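Residues per chain, in single letters:
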Amino acid sequence: MPHSLFITCPRGLEPILAQELAQQNCAQIVPTDGGVSARGSMEHVYRINLHSRTASRVLLQLAQTPYRSEDDLYRAAKNIAWEDWFGVEKTFKIKAEGKRARVKSLDFCALKIKDGLCDRFRNLSGSRPSVDKARPDVRIHLFLDDKTASIFIDTSGEALFKRGYRQDTGEAPLRENLAAGLLLLASYNGTQPMQDPFCGSGTIAIEAAWIAQNRAVGLMRRFGFEQFNTFDKALWTKLKAAARAAIRQPENAIAASDNDRRLIAAAQANAAAAEVENIIQFNVLDAQDTRPNGANGILVANPPYGVRLAEIQALHALYPQLGSWLKQHYAGWTAGLLSGDMEMPKLMRLKPKRKIPLFNGNLDCRLFLFDMVAGSNRKE
């Protein structure tokens, strides 16, 4: 039976996520702000969780109803056949979010959903499931706009960017699904040489290695749907076996470097946990001392961007040097740089072929994509 799904992702990655859902043969794919709606079976749900590099959560819609008051939310929750999805022994958590919602308190709305759910179980069995805000077995999401309430069960459990390999993240880690999205937006498909000269704890390089291996990103973790009454263990075992069989040996070199020795040690530990330590060449190097590891490759990086004035001034002095370094050494390459500094291309004296709006957490950023040509990137 097809279900209505909403798959969330970092803002800006909706077109890439829509492509991934098309590859999994989902139906009625519609990108919107912060995610993509689609129709799919439970097999589609398993496949998206297992394979999507850019998704954050796969939510399955259980109800959608107009509302006028919080009591309408209670009734909607009580009418859902929760017992079809999970047993009274499971713990749960409810998260409420709203956009133009006509309510005084989203927390109170979540409480009404909880009451409706618990009263249904109590009426059926005489007991009710418990709330666990830290490590629930089942997560439920309520979305409110000005007219409609939508109630979802979360098939992912922990957010999908938590792949299971990150040991040490450094100070400002890039989430794994955003890192994968940067690579895919830069047209990296695993057949080109790849470099990250500002690698930090190694997330972009590790995601590149998994793309190059054709490795499903969900093979190292558990999912929310494994707690459901409807869980088809035989199908899940088959899908994981097929994903493992599809892993291949990368064709081209992947290199990652940083001028911080401690971060390189953390990146190597993360790469070992991700089982790609033999695929990525790590070096302690200043960015401008790195050189291409092949021809016509892809360079993707999240260079530092300052918050305090002194940091910004220091970076603005560095950008022209970075521009010269790229022009001198990386002809024939595509460079993708994620930055919150909108002045970066102008100060590097490079003209981006694309500026893609993205959010790194709450930080408004751009992925600047440059086609590097010898000598200068400006048209005469």
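Here the structure is shown first, and the text comes after it.
Treat the numbers as computed from the prediction; the structure is a model and nothing was measured.

This part takes up the sheet that holds strand β6 (residues 138-144). One open sheet accounts for 7 strands, arranged β2-β3-β1-β4-β7-β6-β5; its pairing is mixed. Only two strands of the sheet have a single neighbouring strand rather than two, namely β2 (27-32) and β5 (92-98). For this sheet the average axis-to-axis angle between neighbouring strands, irrespective of direction, equals 25°. Note: strand β1 (residues 3-8) against strand β4 (residues 57-66), 4 bridges, orientation antiparallel. When the bridges of β4 are listed, Phe6 appears paired with Leu59. Each of β1, β3 (35-40) and β4 touches helix α2 (residues 42-51); the most contacted strand, β4, lies at about 135° to it. Docked against the sheet, helix α4 (residues 106-125) engages β5, β6 and β7 (148-154), running at close to 140° with respect to β5.

Turning our eyes to something else, we now look at the side chain of Arg221. By the secondary structure assignment, Arg221 is in the loop between α6 (203-213) and α7 (233-245). The side chain of Arg221 is buried and forms no salt bridge, while Glu158, the nearest opposite charge, is found at 6.6 Å. Within the local environment of Arg221, its side chain forms a polar contact with the backbone oxygen of Ala159, the two atoms lying 2.8 Å apart. Other than its neighbours up to four places away in sequence, Arg221 contacts Ser156, Gly157, Glu158, Ala159, Leu160, Lys162, Arg163 and Glu226.

Take empty space enclosed by the protein next. Rolled over the atoms, a probe sized like a water molecule indicates the empty space that remains. Applying the stated criterion to the full structure yields 1 cavity of 30 Å³ or more. Taken as a whole, the largest cavity spans an internal volume of roughly 40 Å³. Forming the boundary of the largest cavity are Phe198, Leu299, Pro303, Leu322, Trp325, Leu326, Leu337 and Met348. Per element, the largest residue contribution to the lining of the largest cavity is 3 residues, and it comes from helix α9 (residues 309-329). Looking at the lining of the largest cavity, its residues break down into 8 nonpolar, no polar and no charged.

Turning to the sheet that holds strand β13 (residues 354-360), a few remarks are in order. Pairing is mixed in the open sheet, where 7 strands are placed in the order β10-β9-β8-β11-β12-β14-β13. If you trace the sheet from one side to the other, it starts and ends with β10 (280-284) and β13, each paired once. Between one strand axis and the next, the sheet turns by 20° as a mean value, whatever way the strands run. With 2 bridges connecting them, strand β8 (residues 194-196) and strand β11 (residues 298-301) associate as parallel partners. For Gln195, the partnering residue across the bridge sits in β11 and is Leu299. Across the sheet, helix α5 (residues 176-185) touches β8, β11, β12 (334-339), β13 and β14 (363-371), and the angle it forms with β13 is around 175°.

What counts as what
Residues numbered from 1 in each chain as written. Predicted model: local features only at pLDDT ≥ 70, side-chain atom pairs only at ≥ 80, totals over all residues. Heavy atoms only, no water. Pairing = 2+ DSSP bridges. Helix = DSSP H or I, 4+ residues; strand = E, 2+ residues; numbered from the N terminus. Axes fitted to C-alpha atoms, helices over the stretch in contact; angles between N-to-C directions. Contact = heavy atoms within 4.5 Å. Buried < 20%, exposed > 50% of the residue type's maximum accessible area, 1.4 Å probe, protein only. Lys, Arg positive; Asp, Glu negative; His and termini not counted. Salt bridge = Lys/Arg side-chain N within 4 Å of Asp/Glu carboxyl O. Polar contact = N/O pair within 3.5 Å; in protein donor to acceptor, adjacent residues only side chain to side chain. 1 Å grid on protein atoms, 1.4 Å probe; cavity = no way out; pocket = protein on both sides within 12 Å on 5 of 7 lines; lining within 4 Å. Points joined across faces, edges and corners; volume = space filled by probe spheres on them. Nonpolar A, V, L, I, M, F, W, Y, C, P; charged D, E, K, R; others polar.

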